[in-house]
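# Coordinate inspection notes
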Amino acid sequence: MTIRVIIVDDQAMVRAGFAALLNAQSDIDVVGDAADGAQALEVTGRTHPDVVLMDVRMPVMDGLEAARRLLSPAVPGAHRPKVLMLTTFDVDDYVYEALRAGASGFLLKDAPPADLIAAVRVVAAGEALLAPSVTRRLIEDFARTRPAKRRDPKVRLNGLTPRETEVLELIARGQSNQEIAAGLVLAEQTVKTHIGRILAKLDLRDRAQAVVLAYESGLVTPGQ
């Protein structure tokens, strides 16, 4: 199945470069582009992409607001693509807010071409793009300096079994499925089953939102 992508960035050369790279892949088709968040909403509504590559800082409407609108559950049945934020290290707070809004992850704009291609495929498949060494640091740093209002973890996490709570904590610490399986002496497929149940019970879109919830609920403390 071909992955339909739109590219949102205020720099025309960036859009053209990413489009050329992605269109060269047999399983990816760039179906549109936009120079700001407002245009992204219009193009998304017209083309129904699977993945939106969204720059953070843009005129008219930034990528964060566009992501919020694209992923809002306010309109039942509306097409909601996967959103992959394009960012640099100097916009950490935007990355955190984008994850809270439901974005599936982020990619540094100067990442190698192979990483961009892989990221599109990962996100399209329904996985969150979480590079443990980077994403965990971003969330920890932002949660420490500008924490969201804490929820009572006993209320939100009460439906999880002790094992599921343990798996959620390890996800938030940046461990991969393979690492979790090794640490808990479980089959990797069993870990995937636990993660699926966690997402369903907590009504979360993906692994990225699970990480954010783990910090906001107090299950994991920044810097712990």
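Placed above this text is the structure.
Residues numbered from 1 in each chain as written. Predicted model: local features only at pLDDT ≥ 70, side-chain atom pairs only at ≥ 80, totals over all residues. Heavy atoms only, no water.

## A look at the nonpolar core
Note the cut-off: Among buried residues, the Ala, Val, Leu, Ile, Met, Phe, Trp, Tyr and Cys ones that are joined through side-chain atoms within 4.5 Å form a nonpolar core. A simple rule labels every residue: compare its accessible area, found with a 1.4 Å probe on the protein chains alone, to the largest value its type can have, and call it buried under 20%, exposed over 50%, or partly exposed in between. Every helix listed is a DSSP run of H or I at least four residues long, and every strand listed is a run of E at least two residues long, numbered separately from the N terminus.
Counting residues in hydrophobic clusters, the biggest one holds 22 residues, and the most contacted among them are Val167, Leu168, Ile180 and Leu202. Taken together, the elements giving at least two residues each to this core come down to α8 (162-172), α9 (177-184), α10 (188-202) and α11 (207-216). In terms of nonpolar packing, the next biggest core, distinct from the first, is built from 20 residues, Val8, Ala34, Met58 and Leu70 among them.

## Here we look at the pairing of strand β2 (residues 28-34)
What counts, and what does not: Two strands make a pair as long as DSSP finds a minimum of two bridges between them. Seen with the strands pointing away from the viewer, any crossover whose path from the first strand over the helix to the second strand runs clockwise is right-handed.
Where strand β1 (residues 3-8) meets β2, six bridges bridge the pair, whose relative direction is parallel. Of the residues in β2, the one forming a bridge with Ile3 is Ile28. The β-α-β motif built from β1, the intervening helix α1 (residues 12-23) and the parallel element β2 has right-handed crossover chirality.

## Comments concerning α1
Given 3.6 residues per helical turn, the α-helix brings residues three or four places apart onto the same face. Counted only if it meets this: A helix's residues, less one, multiplied by 1.5 Å, set its expected span. Each direction from the helix axis to a C-beta atom contributes to the arc, which is the arc of those directions. Two residues form a contact once any of their heavy atoms are found within 4.5 Å.
Taking 1.5 Å of rise per residue, the 12 residues of α1 would be expected to cover 16 Å, and the 16 Å separating its terminal C-alpha atoms lies within 8% of that figure. Burial in α1 covers these residues: Val14, Arg15, Phe18, Ala19 and Leu22. Buried positions in α1, seen along its axis, are confined to an arc of 125 degrees and lie on one side of it. The exposed set on the far side of α1, more than 90 degrees from its buried face, consists of Met13 and Ala20. Where α1 is buried, its residues contact β1, β2, β3 (51-55), β4 (82-87) and α5 (113-124).

## Here's the deal with the pattern of salt bridges
Just so we agree on the cut-off: Any Lys or Arg side-chain nitrogen found within 4 Å of a carboxyl oxygen on Asp or Glu counts as a salt bridge.
Going through the model one piece at a time under the given rule, you end up with 10 salt bridges. For Asp55, the salt bridge identified is with Lys109, shortest N-O distance 3.5 Å. Taken as a pair, Asp55 in strand β3 and Lys109 in the loop between β5 (105-108) and α5 lie far apart in primary sequence, 54 residues in all. Ionic pairing is found between Glu164 and Lys201, a salt bridge with its closest N-O pair at 2.8 Å. In this pair, Glu164 is assigned in helix α8 and Lys201 in helix α10, connecting sequence segments 37 residues apart.

## Overview of the sheet that holds β3
Our working rule: Helix axes are fitted to C-alpha atoms over the stretch in contact, other axes to C-alpha atoms as well, and angles between N-to-C directions run from 0 to 180 degrees.
The five strands lie next to each other as β2-β1-β3-β4-β5, forming an open sheet whose pairing is parallel. Looking at which strands have only one partner, the edges of the open sheet turn out to be β2 and β5. Taking each pair of neighbouring strands and ignoring which way they run, the sheet shows an average axis angle of 25 degrees. Running over the sheet, α5 touches β1, β2, β3, β4 and β5 and is turned about 130 degrees from β3.

## Some points on the packing of helix α2 (residues 37-47) against helix α3 (residues 63-71)
As a reminder of what qualifies: Roughly parallel means an angle under 35 degrees; roughly antiparallel, over 145; roughly perpendicular, 65 to 115; everything else is oblique. Left-handed is the label given to a crossing in which the near helix is rotated counterclockwise from the far helix by less than a right angle, and right-handed is the label when the rotation is clockwise.
Where α2 meets α3, the closest approach of the two axes is 8 Å, and the angle between their N-to-C directions is 25 degrees. It follows from the interaxial angle that α2 and α3 lie roughly parallel. Relative to α3, α2 is oriented so that their crossing is right-handed. Counted together, Gly37, Leu41 and Thr44 of α2 and Ala66, Arg69 and Leu70 of α3 form the full contact between these two elements.

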